[in-house]
Amino acid sequence: METQPSATTYDLEDLIANAWSGKVRVPHFQRDFRWATQDVLRLFDSIVKGYPIGSLLLWVRKSPAQTLTLGRLAIEAPAYEDTLWVVDGQQRITSLANALHPQGNMHAPFSVYYDLAERQFISQPTTREPQHIPLPILFDLEKLIGWFADEGRTASEHFKEAQRVAKVLRQFKVPAYLVRQDDERVLTDIFDRMNNYGKRLSRAEIFSALFAGPEEGSQNRLSLSRIADRVADRTGFGTIDTDTILASILARRGPDPARDIRNEFDLAGRRRAPEFPSEDRDTAYAQGEEALVRAVEFLQNHAGVPHLSLLVYRALLVVLSRFFAHFPEPEANTLRLLRRLYWRVAVSGPAVFKGSFTQVGRVLSARIKKDDERGSIMGLMEAMAEAQPTVPNPERFKTNEATAKVVLGAWWSLSPRSLVSGKPFDAQDLSTLLGDQTTAATVAYRIFPRGLSPQQQLLAANRLFLPTGSEPVDEIPLLLSQQPVDLDDETWDAVLTSHCLDRSMTKLLAQGERGQFLSLRQEAIANQLRDFLDRMAEWSYEDTPALDSLDLDELDDLHE
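It should be emphasised that the depicted structure is a prediction, and the values quoted were computed from it without experimental measurement. (Residues numbered from 1 in each chain as written. Predicted model: local features only at pLDDT ≥ 70, side-chain atom pairs only at ≥ 80, totals over all residues. Heavy atoms only, no water.)

(A) Inspection of the overall build of the chain at higher detail. A count of helices and strands for the chain gives 23 helices and 12 strands. When its C-alpha atoms are laid out on the principal axes, the chain stretches across 90 × 70 × 35 Å. Per-residue burial for the chain yields a buried fraction of 51% across its 560 residues. Across the chain, the fraction of contacts at a sequence separation of at least 24, relative to all contacts at a separation of at least 6, is 70%. For the chain, the accessible surface area stands at approximately 26,600 Å², while carbon and sulfur atoms represent 47% of it. Computed over 64 positive and 78 negative side-chain charges, the inter-centroid distance for the chain is 6 Å. (Helix = DSSP H or I, 4+ residues; strand = E, 2+ residues; numbered from the N terminus. Buried < 20%, exposed > 50% of the residue type's maximum accessible area, 1.4 Å probe, protein only. Contact = heavy atoms within 4.5 Å. Areas by Shrake-Rupley, 256 points an atom, 1.4 Å probe, with all protein chains shown as cover. Lys, Arg positive; Asp, Glu negative; His and termini not counted. Charge placed at Lys NZ, Arg CZ, Asp CG, Glu CD.)

Now the structure itself:
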């Protein structure tokens, strides 16, 4: 840089006034706000104790008038010649500006109070005591005096403590480095170096900063988080994390989704030429979104994975995104082979890839060759050639683990039905209830929440897959043991079958025979899971391409 950063300090009172007026702004390449209430409380505790809270890195530049969002604050900011853009320190400034503002303080995690009697910062108390004072009042001397004359008059013995804390807050010195530099690439490079060493930011956050583009027009450009939201809106699959979004975009453009990201759009800095050499960042993002949507639709329509919470390994979504980027409309037989691949990796991948799912993405993505659908699908199947037919053990059912996700996939194939109406639930029911959740815990109800041994509690037999928001799920044993009067026998049998149940099991349930019920249902679940995986993974089938994809003339030539 031509101009070295200059060091300065701000009184906290002046820094916050700048933030409230819109003179302090957060660049669009910054990560989202992540702090929880305890982080905000520790920040204020450090300030009052006189502990250092770290220096800020501020980029000084001219900025236009605009409407800003800072945490919970909406700010109409005028134009400034010397706006302070936060390169490092976003979490601290956002927390301070919101917790000390009457509007921001109304919302978690910024709802911070000071307990004058205990001399400590607390989150908004359920029951307000006279000694509990909100930070916006404590920070404003005129409001502080008025508070003690009215609401806090019974806590007048703590006035000196309030004065002390208020003075410390307003006069606390915040060190900062000011960078005056017009080249945004320098700023993103600084941001990368500050946040990469020590691995404080995710790979997606670093990538977003490196290739953020100019501040102007940023609200109209795709970002990784916007792609995640758009894919969720288009498919109902849930919100995919930005690291997986990034890996999918990278996999589309080249066979190694774990490659170095710093030279992604610089041909001179690449060891291998990208498969789409002429496209820029925005095109890569847009085309990556399309590939992701096609991959998700394959999972939903062909592989029996209706929602992100049932996706066994996210590395498989990365691989599928690469495949559908190059082959957007595969042959029917290719889709069948891809379905086999998904379920074989889901149950046998840990053994084949020694538990490394970074390797899953890299090894399988490398098998996908541009302009060669047949060779690509055969390469993928060959990568799993050593896989052995496997059925997970459903004796340990935890919705965040692979086995439970496989079991849930098997249950979804049964088209689970309502215990009340007898009607099957659909993917929209599931999507509405799960939303952005990454596990299906909220729709996989325990039949017996209490009264079982720890081992019995973990059984898949003690769970029921019910994507419902209206049925009395706390009465599942009663619902199962009593056939609804408005459902005929055929419909009720269909309901029971859709949950790996039959009348002999519900009879045991009605008799209070929990142990026998769980044992019998556990056996049924294991059998259904085995049948499901045999059907989806097709272990006994030959992994060959469709006959019409073979060049018969070429084969004839070989025999002549």
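Resuming the write-up.
(B) Up close: the sheet that holds strand 9 (residues 132-134). The strand order 8-7-9 describes an open sheet built from three strands, whose pairing is antiparallel. Whereas interior strands pair on both sides, the edge strands pair on one side only; in this sheet they are strand 8 (120-123) and strand 9. Taking the axes of each pair of neighbouring strands and ignoring which way they run, one obtains an average angle of 40° across the sheet. Where strand 7 (residues 112-115) meets strand 9, three bridges bridge the pair, whose relative direction is antiparallel. Bridge assignment links Tyr-114 to a residue of strand 9, and that residue is Ile-133. (Pairing = 2+ DSSP bridges. Axes fitted to C-alpha atoms, helices over the stretch in contact; angles between N-to-C directions.)

(C) Molecular detail of unusual backbone geometry. For the peptide bond that leads from Ala-108 to Pro-109, omega is 5°, which places it in the cis range. Within the fold, Pro-109 resides in the loop between helix 3 (90-99) and strand 7. Its identity as a non-glycine residue notwithstanding, Ser-415 has a phi of 55°, on the positive side. Within the secondary structure, Ser-415 sits in the loop between helix 16 (402-412) and helix 17 (427-434). Taking relative accessible area as the criterion, Ser-415 reaches 38% and is therefore assigned partly exposed.

(D) Highlighting the sheet that holds strand 3 (residues 56-63). With mixed pairing, the five strands of this open sheet are ordered in space as 1-10-3-6-2. This sheet does not close on itself; its edge strands, each paired only once, are strand 1 (6-11) and strand 2 (24-25). As judged from the two bridges shared by strand 2 and strand 6 (residues 80-88), these two strands associate in the parallel manner. Bridging from a neighbouring strand, Val-24 pairs with Leu-84 of strand 6. The strands touched by helix 1 (residues 12-21) within the sheet are strand 1, strand 2, strand 3, strand 6 and strand 10 (173-179), with strand 1 carrying the most contacts at an inclination of about 90°. Each of strand 2, strand 3 and strand 6 touches helix 3; the most contacted strand, strand 6, lies at about 115° to it.

(E) Quick look at the packing of aromatic side chains. All chains considered together, the criterion is met by 17 aromatic pairs. Ring plane angle 85° and centroid distance 5.2 Å describe the contact between Phe-211 and Phe-265, whose orientation is recorded as edge-to-face. One end of the pair, Phe-211, is in the loop between helix 8 (203-210) and helix 9 (224-235); the other, Phe-265, is in the loop between helix 10 (242-253) and helix 11 (281-301), and 54 residues separate them in sequence. Owing to a relative accessible area of 15%, Phe-211 belongs among the buried residues under this scheme. (Phe/Tyr/Trp six-rings, centres within 6.5 Å; stacked < 30°, edge-to-face > 60°.)

(F) Summary view of the pattern of salt bridges. Applying the stated criterion to the full structure yields 27 salt bridges. For Asp-256, the salt bridge is made with Arg-362, and the minimal N-O distance between the two is 2.8 Å. Residue Asp-256 is located in the loop between helix 10 and helix 11, and its partner Arg-362 is located in helix 14 (residues 357-366); the two are separated by 106 residues in the primary sequence. Its relative accessible area of 35% is what places Arg-362 among the partly exposed residues. Its salt-bridge partner being Arg-503, residue Asp-493 comes within 2.7 Å of it at the nearest N-O pair. Note that Asp-493 is positioned in helix 20 (residues 489-497) and Arg-503 in helix 21 (residues 503-510), a separation of 10 residues in sequence. Connected through shared salt-bridge partners, Arg-252, Arg-253, Arg-259, Glu-264 and Glu-279 make up one network. (Salt bridge = Lys/Arg side-chain N within 4 Å of Asp/Glu carboxyl O.)

(G) Geometry of the confidence of the model for the chain. With 91% of its residues at a pLDDT of 70 or more, the chain shows a mean pLDDT of 88. Note on residues 549-560: pLDDT under 50 across the span, and four contacts to partners over four residues away in sequence or across chains. (pLDDT = per-residue confidence, 0-100.)

(H) Examining the environment of Ala-351 more closely. For Ala-351, the location among the structural elements is in helix 13 (residues 332-352). Separated by 271 residues in sequence, Ala-351 and Tyr-80 have C-alpha atoms that sit 59 Å apart.

(I) The pairing of strand 5 (residues 73-77), seen in detail. Burial along strand 5 is one-sided: the face carrying Leu-73, Ile-75 and Ala-77 is buried and the face carrying Ala-74 and Glu-76 is not. As judged from the five bridges shared by strand 4 (residues 66-70) and strand 5, these two strands associate in the antiparallel manner. Note that in strand 5 the partner of Leu-68 across the bridge is Ile-75.

(J) The nonpolar core, seen in detail. The biggest cluster of nonpolar side chains holds 106 residues, and the ones touching the most others in it are Leu-299 and Trp-343. Take this core: its biggest share by element is 10 residues, from helix 13. Beyond its immediate stretch of four places on either side in the chain, Trp-343 contacts Ala-303, Val-305, Val-406, Gly-409, Phe-532, Leu-533, Met-536 and Ala-537. With 49 residues, the next largest nonpolar core counts Ile-16, Leu-100, Leu-116 and Trp-147 among its residues. (Core = buried A, V, L, I, M, F, W, Y, C linked by side-chain atoms within 4.5 Å.)

(K) Seen up close, the packing of helix 10 against helix 12 (residues 314-326). Running from N to C, helix 10 and helix 12 point in directions that differ by 35°, and their axes come no closer than 8 Å. In terms of crossing hand, the pair formed by helix 10 and helix 12 is right-handed. Together, Thr-244, Ala-247, Ser-248, Ala-251 and Arg-252 of helix 10 and Arg-314, Leu-317, Val-318, Ser-321, Arg-322, Ala-325 and His-326 of helix 12 make up the contact between the two elements. Here the contact of helix 10 with helix 12 is built from residues that sort into five nonpolar, four polar and three charged. (Left-handed = near helix turned anticlockwise from the far one by under 90°. Nonpolar A, V, L, I, M, F, W, Y, C, P; charged D, E, K, R; others polar.)

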